[in-house]
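# Report on the structure
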Amino acid sequence: MSPALALFALGSVALVCGTWVATNLRGSADALERRAAAAAELTAHARGDLGPPRQIMSAGVYRFLGGVIGSAGFVLLLVSLVEYAS
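Residues numbered from 1 in each chain as written. Predicted model: local features only at pLDDT ≥ 70, side-chain atom pairs only at ≥ 80, totals over all residues. Heavy atoms only, no water.

### A closer look at the side chain of Ser80
Spelled out, the test is: In this text, helices come from DSSP runs of H or I with a minimum length of four residues, and strands from runs of E with a minimum of two, each type numbered from the N-terminal end. Any pair of nitrogen or oxygen atoms within 3.5 Å is treated as a polar contact; in protein, a donor-acceptor pairing is required on top of that, and neighbouring residues in sequence qualify only through side-chain atoms on both sides. By definition, residues are in contact when any of their heavy atoms lie within 4.5 Å.
Note that Ser80 resides in helix H3 (residues 59-85). Side-chain polar atoms of Ser80 contact the backbone oxygen of Leu77, separated by 2.7 Å. Leaving out residues up to four positions away in the same chain, Ser80 has contacts with Ala4, Leu7 and Phe8.

This is how it looks when you write it as structure tokens:
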């Protein structure tokens, strides 16, 4: 498999997934926040800590990270096109 094709595939997936979370389509960032809170609660209960779980990341942080991943995917797409053209 050529490097251009691999970069194109990786860039496409990163672009789609990153923009999906960054734009919060179908509540994806909110769902990630709820999932992280539930996992933190289960971890705390497994340790024997019965207090409220601490929040690690908010939906805004997930949206920001999705934007970074989407931007990186766009750059990978551009690099793959340049690699394919040369």
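### Focus on the environment of Ala31
To be explicit about the condition: Three labels apply to residues, based on accessible area from a 1.4 Å probe with only protein chains included: buried if under 20% of the type maximum, exposed if over 50%, partly exposed otherwise in between.
Following the sequence through the fold, Ala31 ends up in helix H2 (residues 28-47). For Ala31, a relative accessible area of 34% puts it in the partly exposed group. Taking the C-alpha atoms as reference points, Ala31 and Val21, separated by ten residues in sequence, lie 9.9 Å from one another.

### Focus on the packing of H2 against H3
To be explicit about the condition: For helices, the fitted line uses only the C-alpha atoms of the stretch in contact; every axis is such a line through C-alpha atoms, and the angle between N-to-C directions lies from 0 to 180 degrees. Note that the term roughly parallel is reserved for angles under 35 degrees, roughly antiparallel for angles over 145, roughly perpendicular for angles of 65 to 115, and oblique for everything else. Rotating anticlockwise by less than a right angle from the far helix to the near helix defines a left-handed crossing, while the corresponding clockwise rotation defines a right-handed one. For this scheme, ten residues count as nonpolar: Ala, Val, Leu, Ile, Met, Phe, Trp, Tyr, Cys and Pro. Four count as charged, namely Asp, Glu, Lys and Arg, and the remainder, Gly too, count as polar.
Relative orientation of the contacting elements H2 and H3 amounts to 125°, with a least axis distance of 8 Å. The orientation of H2 with respect to H3, classified from their angle, is oblique. As H2 runs across H3, the sense of the crossing is right-handed. Contact residues: Ala29, Asp30, Leu32, Glu33 and Ala36 in H2; Ala59, Tyr62 and Arg63 in H3. Residues of the contact of H2 with H3, tallied by class, amount to five nonpolar, no polar and three charged.

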